[in-house]
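What the coordinates show
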2 protein chains.
Amino acid sequence: MSATIEDVAGRAGVSVATVSRALRGLPNVAPSTRERVTAAARDLHYVADPAASRLAGGRGLSVGIVVASLARWYDGQLLAGAEAELLGLDSAAGYELLPFSSGAIGGLDGFLEARPFRKRVEGLIVADGPLSDGQVDRIAEAGVALTTVGFLHEVAPGLTIDQAAAATSGVAHLRALGHRRVAWMGPVDHHGLGFTPSAERLRGYLAGREEGGLDADPGLVVPAELSPRGGAEAVRRLLELPTPPTGLVACSDELAIGAMQAARDAGFRVPGELSIVGIDDHDVSEYVGLTTIGQDVRAQGARAVQLLLAYLSEGTAEVVHEIVPTRLLVRRTTGPVRPGATSPTP
Amino acid sequence: MSATIEDVAGRAGVSVATVSRALRGLPNVAPSTRERVTAAARDLHYVADPAASRLAGGRGLSVGIVVASLARWYDGQLLAGAEAELLGLDSAAGYELLPFSSGAIGGLDGFLEARPFRKRVEGLIVADGPLSDGQVDRIAEAGVALTTVGFLHEVAPGLTIDQAAAATSGVAHLRALGHRRVAWMGPVDHHGLGFTPSAERLRGYLAGREEGGLDADPGLVVPAELSPRGGAEAVRRLLELPTPPTGLVACSDELAIGAMQAARDAGFRVPGELSIVGIDDHDVSEYVGLTTIGQDVRAQGARAVQLLLAYLSEGTAEVVHEIVPTRLLVRRTTGPVRPGATSPTP
DNA sequence: GTTCTGGCTGGAAACGCTTGCACATCCTGC
DNA sequence: GCAGGATGTGCAAGCGTTTCCAGCCAGAAC
């Protein structure tokens with residue numbers, strides 16, 4: 001059907017071994033020979049069969065990337081960043097990025113149980129939730145290199161924002177505006193105290209609240225699923241409180257956007273009666289005027305690929321951990337607390 | 001390093017051929033044998049090397065999916081839908097979804113020139129722009145099955161919304177509200193008259209405008225890049241017109257969201273002085289109150305996989321083309337034109 | 001004119017799996 | 001009892017590469 005290396009060898013009048021060397025740019029091939037082989041390959045529209053290459057050589061640069069859901073903004077950014085980096089490589093050919101969404105399989109646990117990445121990728125970028133030591137071991141056993149994004153693990157290279165600090169700075173921003181009653185919405189970890197990015201953010205919120213001596217009403221923390229819908233539902237519960245908050249930090253921008261609209265629908269002015277801060281700087285956040293703690297997710301995707309590749313080539317090099325910066329983007333959903341407005345007019 | 005089929009064969013006391021058959025559920029394997037093999041494989045944590053399987057058997061179920069950019073909402077939805085469908089398969093094991101973003105390579109042309117999918121996937125889902133006959137041929141030559149999403153090609157199965165009709169219905173909605181001066185924003189095809197989804201939508205807008213006898217001022221069509229930023233920039237140009245439009249149909253929701261905010265910033269009330277309709281029903285659209293022509297992108301991703309698989313297995317079956325429905329979602333960015341407000345107060 | 005390098009090249013053995021084919025066995029039904 | 005299917009299993013030939021190893025040939029050094 002399609003040309004094989006033997007066809008090329010025949011046409012160029014050399015052996016398959018030489019074709020292999022010539023085409024991959026290995027040394028010890030006479031320039032004239034290389035040229036002849038290249039021409040033959042071009043004429044025949046030859047490309048090496050990746051399966052065969054991989055079987056024979058062990059080589060192959062394919063990296064898997066584990067995200068929660070391909071449909072989420074964050075995960076799309078990460079993929080795009082990783083892909084761009086992979087394409088920019090010198091040996092651009094033969095790269096392969098395969099996404100796994102843990103949500104579609106049985107969560108991260110299910111994924112690591114089934115390990116569909118075995119014998120398939122050289123490296124794995126995990127951007128979903130924390131990894132237990134056991135899980136890291138399972139990945140290592142499979143012989144694949146690991147890099148994490150959004151959280152760190154002692155034995156694997158990785159990068160993340162300081163999740164807790166991001167949330168804390170959201171609280172601090174509101175406090176500086178005079179808010180004393182600042183709420184939180186986000187996923188709550190039912191399986192004990194996890195170290196997911198969301199849990200870290202919640203910790204950061206709690207720390208900021210305490211540090212600033214703000215209201216510590218437990219009712220100010222409401223669980224919410226990470227979507228605009230989740231934000232809308234959660235904010236309604238907050239606003240029904242006997243004394244509603246005047247400030248809100250949401251675990252993600254999607255949440256904040258949903259909350260923002262629902263609060264307005266409920267008759268609360270934003271930021272007049274409720275100031276809202278998100279985290280992430282989603283694409284549309286700028287355009288809905290959402291104040292947020294921004295991070296550059298795409299750059300993190302690219303950087304993760306770099307770390308993975310470095311780790312892969314340098315072998316036992318030291319484990320690199322990076323904390324990437326976030327920045328407060330003040331837009332139009334936060335403002336000074338209205339004098340004496342601890343209990344806003346409903 | 002990792003267990004091979006021979007290890008399993010040894011442990012189970014059978015030949016590798018039997019292991020292969022037993023593990024893949026082929027007939028003609030005694031139940032007791034199959035059980036023994038399965039146990040051995042489990043003990044050894046054996047998984048077949050996909051590269052070797054592929055080389056030997058030719059089989060493998062990997063599908064490539066070509067989108068414009070992994071970071072876009074639309075493309076994320078499509079991927080998620082396709083992945084879910086692939087995972088739901090009976091022979092769920094061994095599937096593989098590899099995304100290619102044409103934006104990151106040299107556009108769709110560059111992608112089809114390089115054809116990184118050769119000898120790598122059984123099928124390709126193309127969701128970016130139209131495909132010329134020549135391009136379809138190139139894909140066919142490579143021996144990969146093709147399915148299209150968002151547009152159709154005569155010789156390949158595919159599905160899409162009626163792009164033009166979607167835009168037309170946006171115009172019709174505004175007309176019904178009394179608008180006579182309805183603008184359009186979206187990408188314009190510089191390479192002659194393409195048949196990209198965007199170009200189709202523009203055609204639909206023009207048709208709707210004509211059909212309704214609306215203002216045909218050419219200045220009402222402004223080019224915009226498909227992002228919130230693009231929408232913001234484009235709407236500013238529209239509002240600077242001597243006679244600004246009272247209605248606007250945007251080629252996508254991202255565009256509409258950007259436009260919405262920028263219009264408000266410019267002092268125009270939405271929908272008081274400018275009514276806006278988007279297309280797609282982006283995740284956040286509901287929460288920013290955007291009126292839009294909605295489509296279920298995730299379902300399309302899933303359906304595309306079904307079509308591809310059917311085509312792959314039935315071989316020369318007839319080419320299936322499907323038009324999937326859209327629906328007008330009236331929210332809070334459209335309203336009746338204000339009496340005598342063809343020229344709104346700036 | 002030898003011998004010795006070193007650059008090029010080809011032969012052939014993997015790599016780990018699938019599958020066509022042949023070969024035992026064990027039932028059927030006569 | 002015996003031909004003739006089923007049924008279950010093993011052997012070995014690939015699949016298209018890469019890579020080890022050996023061999024060839026030119027030119028350099030003696």
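Overview of the structure.

Surrounding DNA strand C, one finds 27 residues, the nearest of these being Thr 18 and Thr 33 of chain A together with Ile 5, Ser 20 and Tyr 46 of chain B. The contact atoms of DNA strand C, taken as those within 4 Å of the protein, divide so that sugar and phosphate hold 70%. Put simply, the parts of the chain that give the surface near DNA strand C at least two residues each are α2 (16–23) and α4 (50–57) of chain A together with α2 (16–23) and α4 (50–57) of chain B. Considering each element in turn, the surface near DNA strand C owes the most residues, four residues, to α4 of chain B. For the surface near DNA strand C, the residue count by class is 13 nonpolar, nine polar and five charged.

Residue and element names in this part refer to chain A. With the rule as written, the count across this model stands at 25 salt bridges over all chains. With its nearest N and O atoms 2.6 Å apart, the salt bridge here joins Asp 43 to Arg 11. Here Asp 43 is found in helix α3 (residues 31–44), whereas its partner Arg 11 is found in helix α1 (residues 5–12), with 32 residues between them in sequence. Its relative accessible area of 40% is what places Asp 43 among the partly exposed residues. One salt bridge connects Arg 201 with Asp 280, and the closest N-O pair in it is separated by 3.3 Å. With Arg 201 in helix α9 (residues 197–211) and Asp 280 in strand β9 (residues 275–280), this residue pair connects regions lying 79 residues apart in the sequence.

Between chain B and chain A, the contact holds 51 residues from the first and 51 residues from the second. Among the residues of chain B in contact with chain A, Lys 119, Arg 120 and Tyr 287 of chain B are the three that bury the most area, contributing 18% of the side total. Inspection of the chain B/chain A interface yields five salt bridges. Here Arg 120 of chain B makes a salt bridge to Glu 96 of chain A, at a shortest N to O gap of 3.1 Å. If you look at where chain B meets chain A, you find 10 residue pairs in polar contact (both at pLDDT 80 or more). If you list the elements that add at least two residues to the side of chain B that touches chain A, you get α4, α5 (73–87), β2 (95–101), α10 (228–239), α11 (253–265) and α12 (285–288) of chain B. A total of seven residues in the side of chain B that touches chain A trace back to one element, the largest contributor, which is β2 of chain B. Residues of the side of chain B that touches chain A, tallied by class, amount to 27 nonpolar, nine polar and 15 charged.

The rules behind these values
In this convention, every chain numbers its residues from 1, walking through the sequence in written order. To label them, take the chains in the order written and letter them from A, then take the ligands in the order written and number them from 1. Only residues with pLDDT of 70 or above have their local features reported here, since the model is predicted, and side-chain atom pairs are shown and tallied only from 80 upward, although totals for entire chains, interfaces and linings are computed over all residues. Neither water nor hydrogens contribute to the side-chain values; these are computed over all heavy atoms in the structure. One heavy atom suffices: a residue is near a molecule or strand as soon as one of its heavy atoms comes within 4 Å of it. Numbering of helices and strands runs from the N terminus, with a helix taken as a DSSP run of H or I at least four residues long and a strand as a DSSP run of E at least two residues long. Here the nonpolar group is Ala, Val, Leu, Ile, Met, Phe, Trp, Tyr, Cys and Pro; Asp, Glu, Lys and Arg are the charged ones; every other residue, Gly included, is treated as polar. Here, a salt bridge means any Lys or Arg side-chain nitrogen found within 4 Å of an Asp or Glu carboxyl oxygen. Partly exposed residues are those whose accessible area sits between 20% and 50% of the maximum for their type, while under 20% is buried and over 50% is exposed, using a 1.4 Å probe and protein chains only. The criterion used for residue contact is that any of the two residues' heavy atoms lie within 4.5 Å. Here the quantity called buried area is the total loss of accessible area, with a 1.4 Å probe, experienced by two parts when brought into contact, counted for both. What qualifies as a polar contact is a pair of N or O atoms within 3.5 Å, subject to a donor-acceptor requirement within protein and to the restriction that residues adjacent in sequence count only when both atoms come from side chains.

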